[in-house]
Amino acid sequence: MELTLDIVRRELQADEPRYRQIAADLGPDALPYLRQIIASEDTALAAKAAYLAGVIGSEEALPVVRQAAAHADVRVRVAAAAAAGMLPLDHANDVLVALVDDADAGVQKMALRSVPETPSSYLAGRVEALRSTSQSEAVKKASEATIARVKKQ
């Protein structure tokens, strides 16, 4: 059966999609359709599409997660932050640099949770800066937890 946008949409429409199974079944061939879903007006489905791109996790998923990271809707950016943590290390660093500096504290906290154990020096510096510059106490605490987690390695 040929993969179509309708098939990808149907897979994501469950209340709690089985992301690992969907990623295994559809693979990277779903990525162009995920881009279309992220660009659509259905932000709930766009967030699920962003997360699925991270679960697919291939190098080809990077543009999809980047697209989601720049989305106007905060829920899609939160999903992109979670997805970034599943990408290959260089790509995760690339996406997370922008998301740790997002205007929304929820996006920042998810991005901080997704920082890899060996972040790039630039990403590590951004995390360190948040500890003292963030207006949000929750983000400051999340940055402290991230710093402690990555320094243990």
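Residues numbered from 1 in each chain as written. Predicted model: local features only at pLDDT ≥ 70, side-chain atom pairs only at ≥ 80, totals over all residues. Heavy atoms only, no water.

Caption draft 1: Here's a closer look at the overall build of the protein chain. Tallying secondary structure elements over the protein chain gives 10 helices and 0 strands in all. Traced from its N-terminal end to its C-terminal end, the protein chain shows the element sequence α-α-α-α-α-α-α-α-α-α. By the compact-globule yardstick of 15 Å for 153 residues, the protein chain fits well, its C-alpha radius of gyration being 15 Å. By principal-axis analysis of the C-alpha atoms, the protein chain measures approximately 50 × 30 × 25 Å. Going through the 153 residues of the protein chain one by one, you find that 49% of them count as buried. (Helix = DSSP H or I, 4+ residues; strand = E, 2+ residues; numbered from the N terminus. Rg over C-alpha atoms; globule rule 2.2 N^0.38 Å. Buried < 20%, exposed > 50% of the residue type's maximum accessible area, 1.4 Å probe, protein only.)

Caption draft 2: Focus on the packing of helix α7 (residues 89-100) against helix α9 (residues 121-133). Close contact between α7 and α9 brings their axes to 9 Å; oriented N to C, the two are set at 20 degrees. It follows from the interaxial angle that α7 and α9 lie roughly parallel. For the pair α7 and α9, the sense of crossing is left-handed. In this structure, α7 uses Asn93, Leu96, Val97 and Val100 to contact α9, whose residues at the interface are Tyr122, Leu123, Arg126 and Leu130. (Axes fitted to C-alpha atoms, helices over the stretch in contact; angles between N-to-C directions. Parallel < 35°, antiparallel > 145°, perpendicular 65-115°, else oblique. Left-handed = near helix turned anticlockwise from the far one by under 90°. Contact = heavy atoms within 4.5 Å.)

Caption draft 3: Region of the structure containing the pattern of salt bridges. This model, assessed by the stated rule, comprises 6 salt bridges. Between Asp101 and Arg126 there is a salt bridge, with the nearest N and O atoms lying 2.9 Å from each other. Residue Asp101 is found in the loop between α7 and α8 (105-114), and its partner Arg126 is found in helix α9; the two are separated by 25 residues along the sequence. Using a relative accessible area of 22% as the deciding quantity, one classes Arg126 as partly exposed. A salt bridge links Arg131 to Glu128, with the nearest nitrogen and oxygen atoms 2.1 Å apart. One end of the pair, Arg131, and the other, Glu128, are both in helix α9, 3 residues apart, so they sit about a helical turn from each other. (Salt bridge = Lys/Arg side-chain N within 4 Å of Asp/Glu carboxyl O.)

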